[in-house]
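Descriptive analysis of the structure
The primary structure of each chain is shown beneath.
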Amino acid sequence: MKILSKDKLESVLDKLAESAQVFVPLSRANSSGFYSWENRNPEKEQLMLDTLNVYMSPKNIGFPQTEKMYSIIQSGAEAQIKETFEDSNPRIIFGIRACDARAIRCLDDVFLTRGYTDSFYQARRENMVIIANACYSPGPNCFCAAMGVNPTEPEADIIIRDTGDSGYIWEAQTAKGEELTAGISSLLEEKELKAPEMKPFPTQVDYSGVAEKLKGMFEHPLWEEMAQTCQNCGICTYVCPSCHCFDIQVKSWGDEGYRYRCWDSCMYTEYTAEAGGGNPRPTTKERFRNRFLHKLEFFTERYGYPLCTGCGRCIAACPTGINIVKIIDQVKEASVDD
Amino acid sequence: MTDKCSCEQPLVPTIVEVVDIKDETPDVKSFYCRLSEGGVPFNVAPGQCAMVSCLPVGEGMFSCTWQEEQEYLQFAIKKVGLLTDELHAIEVGQKLGVRGPYGNGFPVEECQGKDMLFIAGGIGLAPLRSFIKYCFKHREDYGKITIVYGSRSYADLCFKEELFDEWPAIKDTQVYVTIDNPEEGWAGHVGFVPAYVEEINPNPQGLMAVTCGPPIMIKFVLQSLEKMGYTDQQVITTLEMRMKCGIGKCGRCNIGSEYICLDGPVFNLAQLRQLPQEW
């Protein structure tokens, strides 16, 4: 089998960075996320391959928090689209976990299927290679397996498996992965190592039957109760690897400007506020309910699997302790009149 | 028969020129747009929508008025906010962005051979008007046509020429118009649309009812139709919600697992009853 020895790790990342932008999990200020390997500050920022999940997910790599779409010119009655900014530069995400790899599949299904292909997402996605780091020791907030994700078999072009001190097992999974592997083969070794044993999940939750049960729970009093502490701050949607809602806005000065899209959040009043004054989700209860139903029921109905990948980021980030695992538990326990 | 936006960049608009603007009411104007070189960037089916954008201001989803010739893209737009204020201020010759067509449109073929009942309030007549015009263009394919329309006042009635002159003159067509409150010079019906529909009481046998208007009107019209014996399959409505992408990706216009922009905006009542009551 192919092995990436740990002392060759930096050389591999440097080599990959010659032909693509390489994103790795890095500490940055008081936070962490997937940032460019070549632009890191080695004195202040550490590679965090051993951390299960960095604070920010890699979703911004395919779906930036703010993305310029096209530039415009309007002068009096004249108007034109000047330039469209689809960005298909090669990108490699290194060290992503199985939950985040599944979240990219969620984004792929949203942006690339069901009648329309989002050309901005497609441009970023088509030249992207995903190298995922298999998980064997789930953290306190991890519950990916309950959401149908296999932590040791991430959906990626290449899987690396940390065997401890000596190195990573390196397994190409797709043609893209094979091609990338060929380009760095001189830095890999050929020897036999054993992948670690999978440890049990500290957090247990049972999602089976939840999507079906939720179908009959839209008017359930539980939503009012569960939404009580929600501040509608939106941090859950911001750290979530699969939340894909966006807004399209314009920035203009004089005759020029551009349209851009940016992450939006179903937690905000403005998200569904209509020009005529109406709002179908006027209070926290409706917005909270829509978010969790989208994650656990609506997406499952539409795409066949949930929009929650069990990464646990929202559990860690919520300032009032709202916990999607407990919500699943409460839904399981709730009594429903037939 | 419904076209979908098939362009390679579905979020990027095409530039069209406004060639005519018509005042419909004090706060509704019709805009006629076409490509500078002539023609339209896409054909629309009755009930389909398009994103109209004033480039430096923003985009909004509007129902396209269907026309057989597909000579213009036509929109009847009510002034209610930032974008529509801007649109109401433009003049003929202005260039705008459009992208589309979006949504499923009305089931015009499924309704063939049926009597048609159109029930609209205020600007809600705009989407229905496409279906009405389609029926008149294919008059032999549809039975008796009944149109019930109401607005707050006479001034707020849209498309008056069609309402009072053109449509009532067409074979087997009845047009009933009502306004909310009595006013000087108005000899017609006064009262709300749902009650007027019950008063007219069209026989549900072999009929399809199509309704659009303010949410509160739709709610009461649906109750009235149910009371009058209409089945859920006989009742069609077209919904709206805030939209940004128009292609089922940006998230906000969902009702349950359906997106109004993509899976709608047209649903029959049987379909709506399968969804959470958030419309």
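Residues numbered from 1 in each chain as written. Chains lettered and ligands numbered in written order. Predicted model: local features only at pLDDT ≥ 70, side-chain atom pairs only at ≥ 80, totals over all residues.

Brief notes about the overall build of chain A
Along the backbone of chain A there are eleven helices and twelve strands. Rg of the C-alpha trace for chain A: 22 Å, near the compact-globule value of 20 Å for 338 residues, within the 12% margin. Expressed as lengths along the three principal axes of its C-alpha atoms, the size of chain A is roughly 65 × 60 × 40 Å. Looking at chain A as a whole, 39% of its 338 residues qualify as buried. The long-range fraction of contacts in chain A, counting pairs at least 24 apart against all pairs at least 6 apart in sequence, stands at 70%. (Helix = DSSP H or I, 4+ residues; strand = E, 2+ residues; numbered from the N terminus. Rg over C-alpha atoms; globule rule 2.2 N^0.38 Å. Buried ≥ 20, exposed ≤ 12 C-beta atoms within 10 Å, placed from the backbone. Contact = placed C-beta atoms within 7 Å.)

Concerning unusual backbone geometry
Residue and element names in this part refer to chain B. The linkage connecting Gly100 with the following residue, Pro101, adopts the cis geometry, with an omega of 0°. Along the chain, the position of Pro101 falls in strand E6 (residues 95-102). A cis amide bond, omega 5°, links Gly264 with the succeeding residue Pro265. In this fold, Pro265 is placed in the loop between helix H6 (260-263) and strand E15 (266-268). The phi dihedral of Asp172 falls on the positive side, at around 55°, and the residue is not glycine. Within the secondary structure layout, Asp172 lies in the loop between helix H3 (160-166) and strand E9 (173-179). Judged by C-beta crowding, with 11 C-beta atoms within 10 Å, Asp172 ranks as exposed.

Some thoughts on the nonpolar core
A general tendency of soluble globular proteins is for nonpolar side chains to be buried together. Core analysis: the largest hydrophobic core is formed by 172 residues, its most contacted members being A:Ile93, A:Ile130, A:Ile131 and B:Ala50. The biggest single contributor to this core is helix H3 (residues 98-112) of chain A, with nine residues. Counting contributing residues, this core receives three or more from each of domain 1 (14-102) and domain 2 (115-238) of chain B. Non-local contacts of A:Ile131, meaning those with residues more than four positions away in its chain, are made with A:Ile92, A:Ile93, A:Phe94, A:Gly95, A:Ala156, A:Asp157, A:Ile158 and A:Ile160. (Core = buried A, V, L, I, M, F, W, Y, C linked by C-beta atoms within 7 Å. Domains from an automatic or database assignment.)

Observations regarding the domain arrangement of chain B
Accessible area lost upon the coming together of the parts serves often as the stated size of an interface. Residues and elements named next belong to chain B. Once the domains are mapped, chain B shows domain 1 (14-102) and domain 2 (115-238). Each of domain 1 and domain 2 was reduced to a C-alpha centroid, and the two centroids are 24 Å apart. Contact residues are listed per partner, giving 13 residues for domain 1 and 15 residues for domain 2. If you list the elements that add at least two residues to the side of domain 1 that touches domain 2, you get strand E1 (14-25) and strand E5 (73-78). Tallied by class, the residues present in the side of domain 1 that touches domain 2 amount to five nonpolar, five polar and three charged. (Nonpolar A, V, L, I, M, F, W, Y, C, P; charged D, E, K, R; others polar.)

A word on the sheet that holds strand E9 (residues 167-172) of chain A
Residues and elements named next belong to chain A. Spatial strand order, E3-E2-E6-E7-E8-E9-E1-E10: eight strands in an open sheet with mixed pairing. Edge positions in the sheet fall to strand E3 (31-36) and strand E10 (189-190), since each of these pairs with one other strand and no more. Where strand E1 (residues 2-5) meets E10, two bridges bridge the pair, whose relative direction is antiparallel. When the bridges of E10 are listed, Lys2 appears paired with Glu190. Contacts from helix H1 (residues 9-17) reach E1, strand E2 (21-28) and strand E6 (91-96), with the element oriented near 130° to E2. Most of the contacts of H3 go to strand E7 (residues 128-133), to which it runs at about 150°, and overall it touches E6 and E7. (Pairing = 2+ DSSP bridges. Axes fitted to C-alpha atoms, helices over the stretch in contact; angles between N-to-C directions.)

Observations regarding the confidence of the model for chain B
For chain B, the average pLDDT comes to 95, and 98% of its residues sit at 70 or higher. Here the predicted complex carries an ipTM of 0.93, next to a pTM of 0.95. (pLDDT = per-residue confidence, 0-100.)

Topic: the interface of chain B and chain A
The interface is formed by 37 residues belonging to chain B together with 39 residues belonging to chain A. Put simply, the parts of the chain that give the side of chain B that touches chain A at least two residues each are strand E4 (58-63) and E6 of chain B. The class makeup of the residues in the side of chain B that touches chain A is 17 nonpolar, eleven polar and nine charged.

Quick look at the environment of B:Ser151
Inspection of the secondary structure puts B:Ser151 in strand E8 (residues 145-151). Excluding its chain neighbours within four sequence positions, the residues that come into contact with B:Ser151 are B:Gly121, B:Gly122, B:Asp156, B:Leu157 and B:Ile179.

Regarding the pairing of E5(B)
Residue and element names in this part refer to chain B. Of all six residues that make up E5, six are buried, and the element is covered over most of its length. Burial of the side chains of E5 extends over both faces: Leu73, Phe75 and Ile77 are buried on one face and Gln74, Ala76 and Lys78 on the other. As paired elements, strand E2 (residues 28-34) and E5 share six bridges and run antiparallel to each other. Following the sheet pairing, Tyr32 is matched in E5 by Gln74.

Focus on the pairing of E2(A)
Residues and elements named next belong to chain A. In this sheet, E6 lies alongside E2 in parallel orientation, the contact comprising three bridges. Looking at E6, one finds that Phe23 is bridged to Ile93. Bridge analysis of E2 against E3 gives six bridges, and the strand direction is antiparallel. If you follow Pro25 over to E3, its bridge partner there is Phe34. In this antiparallel pair of consecutive strands, E2 and E3, the connection spans two residues, and Ala29 shows a positive phi of 50°.

Re the sheet that holds E15(B)
In a beta sheet, neighbouring strands pair by backbone hydrogen bonds and run either parallel or antiparallel. Residues and elements named next belong to chain B. With mixed pairing, seven strands are arranged side by side in an open sheet as E10-E9-E8-E7-E11-E12-E15. The open sheet has two free edges, formed respectively by strand E10 (189-190) and E15, since each of these has just one partner strand. Where E9 meets E10, two bridges bridge the pair, whose relative direction is parallel. Each bridged residue has a counterpart across the sheet, and for Thr178 the counterpart in E10 is His189. Of the strands in this sheet, strand E7 (115-121), E8, E9 and E10 are in contact with helix H4 (residues 193-200), which crosses E8 at around 150°.

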